[in-house]
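Geometric and topological summary
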Amino acid sequence: MFHVTRRYAFSASHRLHSVALSEEANRALYGKCNNPYGHGHNYIVEVSVRGPLDPATGRAVDTGVLDELVRSQILSPFDHHNLNAEVAEFAEVVPTSENLGFEICRRLKRNWKRTFAGEWPVLEKIRIGETARNIFEVGAHEIE
Ligand code: NI
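Description of the structure in this document. (Residues numbered from 1 in each chain as written. Predicted model: local features only at pLDDT ≥ 70, side-chain atom pairs only at ≥ 80, totals over all residues. Heavy atoms only, no water.)

This brings us to the coordination of the nickel ion. At 2.0 to 2.1 Å from the nickel ion lie its protein donor atoms, namely His14 (NE2), His39 (NE2) and His41 (NE2). Written as a sequence motif, the donor arrangement for the nickel ion is H-x24-H-x1-H. Taken together, the residues span a long stretch of sequence, with His14 in strand S1 (residues 2-14) and His41 in strand S2 (residues 39-51) at a distance of 27 residues. Residue His14 is classed as buried on the basis of its relative accessible area of 0%. Classification of His41 by relative accessible area gives buried; the value is 13%. (Donors = N, O, S within 2.8 Å, 3.2 Å for Na, K, Ca; no water. Helix = DSSP H or I, 4+ residues; strand = E, 2+ residues; numbered from the N terminus. Buried < 20%, exposed > 50% of the residue type's maximum accessible area, 1.4 Å probe, protein only.)

Shown next, in the form of structure tokens:
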């Protein structure tokens, strides 16, 4: 069994602001990340899959197929976009890296079976790097 991790990058802007909290509470909680005009990040996304070696190809995952899935579901809708304003799921959900991780995982899972028809590879986890100091990780089995 192989574990394969593929790394992608996109740039996006966002604002951390919770509709469940007052203006003051948002400012206190999120600080400069609550700036009404937003700010940007160069995100790194790592997608980890697991599968046996296919003896015919010598590979555990067709990376070209995975790339196209990530391009269509993640990079194209997120890269150089404002997450709050342009991604419907973040209209009211705060686009923290945790919630971004959930959403990326959800999008990949939702489209996984039509992308990889067989039993393998399976989606294992995704990791998001938002800044040089933060890595956020979510297991595919942890979400619907
Ligand atoms: Ni931010």
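Before going further, it helps to examine the environment of Leu75. Assignment of secondary structure puts Leu75 in helix H2 (residues 63-78). The class for Leu75 is buried, based on a relative accessible area of 18%. Along the primary structure Leu75 and Tyr8 are separated by 67 residues, whereas in three dimensions their C-alpha atoms are 8.3 Å apart. With residues near it in sequence (within four places) discarded, Leu75 still touches Tyr8, Ala9, Phe10 and Val70. (Contact = heavy atoms within 4.5 Å.)

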